[in-house]
Amino acid sequence: MTRALILGGTADASLLAAAIARTGLDAVYSYGGRTRAPADQPLPTRIGGFGGVSGLADYIRGEGITHVIDATHPFAAEMSRHAVEACADTGTPLIALERTPWIKTPGDNWIEVADVGAAVTVLPELPANVFLAIGRQHTAPFATKPQHTYTLRFVDPPEAPLPFAADVIVSRGPFTLDGELQMLRRRGIATIVARNSGGDGARAKIDAARMLGLPVIMISRPELPERWRVDSVADVMEWLGHRACLGA
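Residues numbered from 1 in each chain as written. Predicted model: local features only at pLDDT ≥ 70, side-chain atom pairs only at ≥ 80, totals over all residues. Heavy atoms only, no water.

1. Notes on the packing of helix α1 (residues 11-23) against helix α7 (residues 233-240)
Thought 1: Contact pair α1 / α7: the axes reach a minimum separation of 10 Å and the direction vectors enclose 45 degrees. The angle between α1 and α7 places the two elements in the oblique class. Both α1 and α7 take part in a crossing whose hand is right-handed. Of the residues in α7, those in contact with D12, L15, L16, A19, I20 and T23 of α1 are V233, V236, M237 and L240. (Axes fitted to C-alpha atoms, helices over the stretch in contact; angles between N-to-C directions. Helix = DSSP H or I, 4+ residues; strand = E, 2+ residues; numbered from the N terminus. Parallel < 35°, antiparallel > 145°, perpendicular 65-115°, else oblique. Left-handed = near helix turned anticlockwise from the far one by under 90°. Contact = heavy atoms within 4.5 Å.)

Below is the structure:
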């Protein structure tokens, strides 16, 4: 009998959970615990970490997991690495549902960098309004350039003070092109710092930056171990041996 574990937290993971629920497959949806009020899922849900590779391997064995789907954020590198190791240790099939990265197109003004530290380095020295679209756990390095006026957007209000003065927007995506254009104009944003998350839910800010001629400091995805990767729910369902019912 199939019993799948979805390592989730993304919009794609929610679509996968819905497809699996429609088939009646036995599955568990796991949230990492970063979001205080995660979206409801149509599957049994657990919240929190596993305790490293060994903890995840113990969970796979103890819960009788037969298949693992890594549908975490493309920058959740530690969880993805743990999944590769735990599945190798337990002999459990693993697949990654991974969004296709955004590709630079004519009109884009991207400054492509390897990591957050490099993004801080290439920020201008003169004060500017900067939109940090990078997630709250990656903000600390920007405290070294306090001359800027930062705007951040989180799903939850920050629990602890940020390392610099910032205007925080609390909102959950997906976001529209019109909404992003309005936000960038209203706040006088001059530079955007973003991670190359890919997909459609967060793309509007990239399209808005192109339309406004704004530079985007684009952080590349982290290197991950080799694993089977697909970019659609239908591919995952086929891997599980079921057809996805993707209608309304």
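2. Considering the sheet that holds strand β10 (residues 191-195)
What holds strands together in a sheet is hydrogen bonding between their backbones, with the strands either parallel or antiparallel.
Thought 1: Pairing in this open sheet of six strands is parallel, and the strands run β6-β11-β10-β7-β8-β9 from one edge to the other. In this open sheet, the two strands that pair with only one neighbour each are β6 (109-113) and β9 (166-170). When the angles between neighbouring strand axes are averaged without regard to direction, this sheet yields 20 degrees.
Thought 2: Across four bridges, β10 lies against strand β11 (residues 215-219) in parallel orientation. Following the sheet pairing, I192 is matched in β11 by V216.
Thought 3: Its contacts with the sheet place helix α6 (residues 204-212) against β6, β7 (129-133), β10 and β11, and it is angled at close to 150 degrees to β10. (Pairing = 2+ DSSP bridges.)

3. Quick notes on the nonpolar core
Thought 1: I6, L16, I20, I69, L97, V236 and L240 are the most contacted members of the largest nonpolar core, which has 21 residues in total.
Thought 2: Contributing elements (two or more residues each) for this core: β1 (3-7), α1, β2 (26-31), β5 (94-97) and α7.
Thought 3: Element by element, the count of residues in this core is highest for α1, at five residues.
Thought 4: Other than its neighbours up to four places away in sequence, I6 contacts A13, L16, A17, I20, V28, Y29, S30, L43, I69 and A71.
Thought 5: Membership of the second largest hydrophobic core comes to 18 residues, among which are V120, I134, F154 and I217. (Core = buried A, V, L, I, M, F, W, Y, C linked by side-chain atoms within 4.5 Å. Buried < 20%, exposed > 50% of the residue type's maximum accessible area, 1.4 Å probe, protein only.)

4. Here's the deal with the packing of aromatic side chains
Thought 1: Within this structure, the stated rule accounts for four aromatic pairs.
Thought 2: Where F50 meets Y59, the ring centres are 5.2 Å apart and the plane angle is 65 degrees; that geometry is what we call edge-to-face. Y59 shares its class with F50; the two are buried.
Thought 3: Each member of the aromatic cluster is reached from another via a ring pair, and the members are F142, Y150 and F164. (Phe/Tyr/Trp six-rings, centres within 6.5 Å; stacked < 30°, edge-to-face > 60°.)

5. Description of the packing of helix α5 (residues 177-186) against α6
Thought 1: In the contact formed by α5 and α6, the axes pass within 8 Å of each other and the chain directions differ by 60 degrees. With respect to each other, α5 and α6 are oriented oblique. The crossing of α5 and α6 is right-handed. Counting all contacts with α5, which are made through L177, E180, L181, L184 and R185, the residues of α6 involved are A204, K205, D207, A208, A209, M211 and L212.

6. A short note on the sheet that holds β2
Thought 1: One open sheet holds the six strands; their spatial order is β3-β2-β1-β4-β5-β12, and the pairing between them is parallel. Two strands bound the open sheet, and with one partner strand each, they are β3 (45-47) and β12 (228-230). If you compare each strand with its neighbour and ignore which way they point, the axes differ by 25 degrees on average.
Thought 2: As paired elements, β5 and β12 share three bridges and run parallel to each other. The partner of I95 across the bridge, within β12, is W228.
Thought 3: Across the sheet, α7 is in contact with β1, β4 (67-70), β5 and β12; its angle to β4 comes to roughly 170 degrees.

7. What about the environment of L16?
Thought 1: Mapped onto the elements of the fold, L16 is located in helix α1.
Thought 2: Looking at L16, the relative accessible area reads 0%, which means it is buried.
Thought 3: Linking L16 and L97, residues 81 residues apart in sequence, is a C-alpha distance of 9.0 Å.
Thought 4: Once residues within four sequence positions are removed from consideration, L16 is found in contact with I6, I69, L97, V233, V236 and M237.

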